[in-house]
Amino acid sequence: MKILVTGGAGYIGSITSKALEEAGHTPVILDSLLTGKRVFVKDRIFYQGDIADLQLIRRVFKDHPDIKATIHMAARIPVNESVENPYAYYRNNVAKSLELFNELVGLGKPKVVFSSSASLYATKASFEVTEGDPLEPASPYAWTKRMMEQILQDMASATELRAIILRYFNPIGSDPDLESGIYAKEPSHVLGQLVMVARGEKRSFTITGTDHPTRDGTGIRDYIHVWDLARAHVRAIERFDEVLAAVDAPSTIINIGTGSGVTVRELVDSFETLIGRQIPITEGPARPGDAVGAFANVDRSRALLGWNTEFTLSDAIASALAWASRRQDVLGYE
Ligand SMILES: NC(=O)c1ccc[n+]([C@@H]2O[C@H](COP(=O)([O-])OP(=O)(O)OC[C@H]3O[C@@H](n4cnc5c(N)ncnc54)[C@H](O)[C@@H]3O)[C@@H](O)[C@H]2O)c1
């Protein structure tokens with residue numbers, strides 16, 4: 001199948017494109033390179049432009065009338081930037097996506113797989129969240145994802161649009177051939193910070209928040225190897241009609257995680273075990289807006305997608321470390 005991948009020059013989009021290819025499909029990339037990297041596109045079919053450039057969207061589908069579905073990943077993502085500049089986030093992630101969806105319906109190409117986020121969930125005492133649990137978006141970025149979910153559900157009820165909404169937990173690592181990965185010069189997420197300390201690019205790792213109501217006081221997340229996440233998209237595309245038939249609805253939401261919660265201290269332990277040495281740790285207060293966290297209940301992803309994770313936390317950490325050594329060659333910077 002030919003699949004339009006918006007944001008296909010980004011971290012998850014490029015790796016998902018590769019997973020599609022490995023499963024025998026053909027990705028068609030649409031990316032403005034707002035943040036994504038041209039080198040991640042490789043020799044794939046590529047249109048550089050904006051998701052709300054409707055002339056361009058029409059041209060893409062004129063050139064490729066055999067595109068069967070769209071994986072919509074294009075978005076602005078740094079949460080702190082969304083707090084500083086909500087306009088750019090609501091405009092790019094919500095207003096422009098709305099135009100894209102309307103155009104897809106008009107073109108008779110209404111199948112959409114959408115990248116949503118576990119950051120929508122309200123904190124729950126058990127930390128294990130199911131798709132029906134209460135939501136409490138804590139940033140403009142998270143609100144854009146919440147709004148997009150609602151828009152997709154409403155449009156699916158009223159039009160031909162059909163949507164599978166994937167709520168990603170915390171993707172880490174690279175693809176098996178280390179061709180794409182995290183490209184932020186200084187990744188702000190926990191594993192990115194640990195990798196920098198291990199490589200001597202930072203003096204110590206700071207655990208931000210040690211009095212959360214978790215088993216050891218530190219934040220809890222569900223770290224998923226990005227290759228497993230990419231494979232989940234392939235399943236969502238291949239089973240698109242079956243999934244919606246099974247739920248008997250024009251749209252549905254599915255958690256994509258491992259089903260295991262890992263605290264920051266546990267992540268540090270796994271990291272140290274893997275590299276065979278301890279790293280300098282300091283402890284500090286939680287940053288404003290830091291979520292305690294959650295991990296996925298994966299019943300729906302298993303039942304509906306027939307998909308499961310194949311990689312362990314240790315595999316994913318090793319992949320992130322290997323990418324950090326490799327990315328100078330790919331991107332030209334460490
Ligand atoms: N990385 C995560 O931890 C995470 C977690 C949950 C959900 N997500 C979602 O997954 C998707 C992919 O995330 P990522 O980490 O690969 O981010 P990324 O920034 O690497 O990729 C996003 C891509 O979208 C492109 N883009 C942005 N606005 C565009 C526009 N208007 N038109 C065309 N292209 C545009 C960017 O150039 C970039 O290549 C996003 O929707 C993100 O919100 C990511």
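Quick summary incoming for the structure in this document. (Residues numbered from 1 in each chain as written. Predicted model: local features only at pLDDT ≥ 70, side-chain atom pairs only at ≥ 80, totals over all residues. Heavy atoms only, no water.)

### Thoughts on the site of the ligand
Near the ligand lie 29 residues; those nearest to it are Ile12, Asp31, Met73, Tyr141 and Tyr183. Contacts to the ligand include tyrosine 11, whose backbone N or O atom sits 2.9 Å from an oxygen atom. Tyrosine 183 is positioned such that a nitrogen or oxygen atom in its side chain is 2.8 Å from an oxygen atom of the ligand. Protein coverage of the free-state accessible area of the ligand, which is 820 Å², stands at 93%. Contributing elements (two or more residues each) for the shell around the ligand: helix H1 (11-22), helix H5 (86-106), strand E5 (111-117) and helix H6 (140-158). For the shell around the ligand, the element with the highest residue contribution is E5, accounting for three residues. (Near = heavy atom within 4 Å. Polar contact = N/O pair within 3.5 Å; in protein donor to acceptor, adjacent residues only side chain to side chain. Areas by Shrake-Rupley, 256 points an atom, 1.4 Å probe, with all protein chains shown as cover. Helix = DSSP H or I, 4+ residues; strand = E, 2+ residues; numbered from the N terminus.)

### Some thoughts on the side chain of lysine 109
In this fold, lysine 109 is placed in the loop between H5 and E5. Despite its burial, lysine 109 pairs with no opposite charge; the closest candidate is aspartate 66, at 6.9 Å N-O. In terms of polar contacts, lysine 109 uses its side chain to reach the backbone carbonyl oxygen of proline 65, at 2.6 Å. Only 3.0 Å separates the side chain of lysine 109 from the backbone oxygen of isoleucine 67, close enough to count as a polar contact. Beyond its immediate chain neighbours, meaning those up to four positions away, lysine 109 contacts Phe61, Pro65, Ile67 and Leu104. (Buried < 20%, exposed > 50% of the residue type's maximum accessible area, 1.4 Å probe, protein only. Lys, Arg positive; Asp, Glu negative; His and termini not counted. Salt bridge = Lys/Arg side-chain N within 4 Å of Asp/Glu carboxyl O. Contact = heavy atoms within 4.5 Å.)

### Re the packing of aromatic side chains
Following the criterion strictly, the structure yields three aromatic pairs and no others. Seen from their ring centres, tyrosine 121 and phenylalanine 169 are 6.2 Å apart, and the 25 degrees between their planes marks the pair as stacked. Linking tyrosine 121 in the loop between E5 and strand E6 (128-129) with phenylalanine 169 in the loop between strand E7 (162-168) and strand E8 (170-172), this pair joins segments that are 48 residues apart in sequence. (Phe/Tyr/Trp six-rings, centres within 6.5 Å; stacked < 30°, edge-to-face > 60°.)

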